[in-house]
Amino acid sequence: MFELLKQPWHWAVSGTLIGLIVPLLLILGNKKFGISSSFRHICASCFPGNVKFFKYEWKKEIWNLFFVGGIIIGAFIATVFLTDPANSIRIAPDTAGILNSYGITDFSSLMPVQLFNWSNLFSIKGLVFFVIGGFLVGFGTRYAGGCTSGHSIMGLANLQKASLIATLFFMAGGFFSTNILIPLIFKYLQ
Amino acid sequence: MTETELIETEHIETKEEIELRHLDTLCTNESQLVHPWWYNFKYTIVGIIFGIVFVKAEIISWFRIQEMFQLTSFFMYGVIGTAVAVGAVSVLIVKKLKLKSIYGEDITFEDKKFNKGQIFGAMIFGTGWAITGACPGPLFAQLGSGYSVIIITILSAIAGTWVYGKFRDRLPH
């Protein structure tokens, strides 16, 4: 059983488990699945400034921060105890080829360690991939009213038209970024 | 629990306050019950399961996100598609059987009205999603996985959320 857990999981297994989080949260306490709101609750609880958008009863939503804390712990457990280092991620050859042309050649871990490391922090690459990227995620998800969890999973599962539109534009932004923006970034930042 | 905490959690929200809490947010707490704070640890346990799935599903991988948007692999479409299907069937069952929460409370659903944020905001998030290789959930999972530099990405995301809140009224909705 344990050895089975340590192998990479089939997408259908993972998808099913993620989908089951939706009814689990509903049944545990009538909570709607979503994650990006945690950023808003952190703003509201730590530095609301004088901004009306952050002056709400964040204590009512504190469950979401407990949930997010669990994600951090769970990811740690999975990485330390449930991952077989010899059985690392297998990337599509076409994508590996494209990334090679960007100078990304290390595919040994889930993230490109050549990009996501502290020594890149004060370079333009770090500015783009951590600082600007993160800013766009935080700004965009709140402006959109939810992220992939809230719109694309919870919202679509509840057949919300607004969530379908949001999901289509998430994808549009992603296609633009991966196929136009990121090649340009690597071309000019090498 | 001290007395002040008890009073704070029992603060009765006005209709306006509830609307403000729900503003631009899907994942909300609809429960009217008031519990001690440590009841929230059950959501930590759900989060732990979810964090494990995130890592094992490899959806926290920057590589998988690039594959998805380069259309070189079906993997991410399979994960998200299955999750939506399972979620939709579950919601249907919850609604049809009028299931209640473990505390006997009705499970409620709210329709979200469309606004232009689902176009502009979604495009902005999509752009950031492909750059960071992560939506908000996987960001936290990347951090837990040991990619400590992701704390910078998370702090930037919090800053982005704050800036959105500050200028919300001037943006098209």
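Described in the following lines is the structure provided in the data block.

Thresholds, definitions, all that
- Residues numbered from 1 in each chain as written.
- Chains lettered and ligands numbered in written order.
- Predicted model: local features only at pLDDT ≥ 70, side-chain atom pairs only at ≥ 80, totals over all residues.
- Heavy atoms only, no water.
- Helix = DSSP H or I, 4+ residues; strand = E, 2+ residues; numbered from the N terminus.
- Buried < 20%, exposed > 50% of the residue type's maximum accessible area, 1.4 Å probe, protein only.
- Contact = heavy atoms within 4.5 Å.
- Lys, Arg positive; Asp, Glu negative; His and termini not counted.
- Charge placed at Lys NZ, Arg CZ, Asp CG, Glu CD.
- Core = buried A, V, L, I, M, F, W, Y, C linked by side-chain atoms within 4.5 Å.
- Domains from an automatic or database assignment.
- Buried area = accessible area lost by both parts, 1.4 Å probe.
- Salt bridge = Lys/Arg side-chain N within 4 Å of Asp/Glu carboxyl O.
- Polar contact = N/O pair within 3.5 Å; in protein donor to acceptor, adjacent residues only side chain to side chain.
- Nonpolar A, V, L, I, M, F, W, Y, C, P; charged D, E, K, R; others polar.
- Disulfide = S-S within 2.5 Å.
- Axes fitted to C-alpha atoms, helices over the stretch in contact; angles between N-to-C directions.
- Parallel < 35°, antiparallel > 145°, perpendicular 65-115°, else oblique.
- Left-handed = near helix turned anticlockwise from the far one by under 90°.

Examining the overall build of chain A
Here is step 1: Per the secondary structure count, chain A includes 8 helices and 0 strands.
Here is step 2: Along chain A, from the amino end to the carboxyl end, the secondary structure elements read α-α-α-α-α-α-α-α.
Here is step 3: Judged by the C-alpha coordinates and their principal axes, chain A covers about 50 × 45 × 35 Å.
Here is step 4: Across the 190 residues of chain A, 55% fall into the buried class.
Here is step 5: Partitioning the intrachain contacts of chain A with sequence separation of at least 6 by distance along the chain shows that 50% fall at a separation of at least 24.
Here is step 6: Each charge class in chain A was averaged separately, 13 positive and 6 negative side chains, and the resulting centres sit 16 Å apart.

Let's talk about the nonpolar core
A general tendency of soluble globular proteins is for nonpolar side chains to be buried together.
Here is step 1: Ranked by size, the top nonpolar core spans 97 residues in total, and within it F33(A), F67(A) and F129(A) carry the most contacts.
Here is step 2: A domain split of this core shows at least three residues from each of domain 1 (1-83) and domain 2 (115-190) of chain A.
Here is step 3: The contacts of F67(A), once residues within four sequence positions are left out, are I21(A), L25(A), F33(A), G34(A), I35(A), Y43(B), T44(B), V46(B), G47(B) and F50(B).

A word on the environment of L20(B)
Here is step 1: Mapped onto the elements, L20(B) comes out in helix α2 (residues 15-22).
Here is step 2: Separated by 69 residues in the primary sequence, L20(B) and V89(B) place their C-alpha atoms 30 Å from one another.
Here is step 3: Here L20(B) is in contact with R40(A), K52(A), F53(A), K55(A) and Y56(A), once residues within four sequence places are set aside.

Description of the interface of chain A and chain B
Here is step 1: Counting from both sides, the interface comprises 134 residues of chain A and, opposite them, 127 residues of chain B.
Here is step 2: Between chain A and chain B, roughly 11,800 Å² of surface is buried when both sides are summed, and carbon and sulfur atoms account for 74% of that area.
Here is step 3: Summed over the shared surface of chain A and chain B, the number is 1 salt bridge.
Here is step 4: Between E61(A) and R21(B) there is a salt bridge, with its nearest N and O atoms 2.4 Å apart.
Here is step 5: The interface formed by chain A and chain B contains 44 residue pairs in polar contact (both at pLDDT 80 or more).
Here is step 6: Going through the elements one at a time, α1 (2-6), α2 (11-29), α3 (37-46), α4 (62-81), α5 (93-101), α6 (124-144), α7 (148-157) and α8 (161-189) of chain A are the ones with two or more residues in the side of chain A that touches chain B.
Here is step 7: Here the element with the most residues in the side of chain A that touches chain B is α2(A); it accounts for 18 residues.
Here is step 8: In terms of residue class, the side of chain A that touches chain B is made up of 81 nonpolar, 39 polar and 14 charged.

Here we look at the state of the cysteines
Here is step 1: The final tally for this structure, using the stated rule, is 0 disulfides over all chains.
Here is step 2: Distance from the sulfur of C46(A), which forms no disulfide, to the nearest cysteine sulfur (C43(A)) is 8.3 Å.
Here is step 3: Residue C46(A) is classed as exposed on the basis of its relative accessible area of 52%.
Here is step 4: Counting only cysteine sulfurs, C135(B) is the nearest neighbor of C147(A), a cysteine outside any disulfide, at a range of 6.2 Å.
Here is step 5: Relative accessible area serves as the criterion here: at 1%, C147(A) is assigned to the buried category.

Regarding the packing of α6(A) against helix α6 (residues 117-132) of chain B
Here is step 1: Relative orientation of the contacting elements α6(A) and α6(B) amounts to 155 degrees, with a least axis distance of 7 Å. One way to sum up the angle between α6(A) and α6(B) is to call them roughly antiparallel. At the point where α6(A) passes α6(B), the crossing takes the left-handed sense. Of the residues in α6(B), those touching α6(A) at V128(A), F129(A), G133(A), G134(A), L136(A), V137(A), F139(A), G140(A), T141(A), Y143(A) and A144(A) are G117(B), Q118(B), F120(B), G121(B), A122(B), I124(B), F125(B), T127(B), G128(B), W129(B), I131(B) and T132(B).

Concerning the packing of α4(A) against helix α3 (residues 41-56) of chain B
Two packed helices can be described by the angle between their axes and the distance between those axes.
Here is step 1: At a minimum axis separation of 6 Å, α4(A) and α3(B) run at an interaxial angle of 40 degrees. As far as their axial angle goes, α3(B) and α4(A) are oblique. At the point where α4(A) passes α3(B), the crossing takes the right-handed sense. For the pair α4(A) and α3(B), the contacting residues are W63(A), F66(A), F67(A), G70(A), I71(A), I73(A), G74(A), A75(A), I77(A), A78(A) and T79(A) in the first and F41(B), Y43(B), T44(B), V46(B), G47(B), I48(B), F50(B), G51(B), I52(B), F54(B) and V55(B) in the second.

What is shown is where atoms sit, not what they do.
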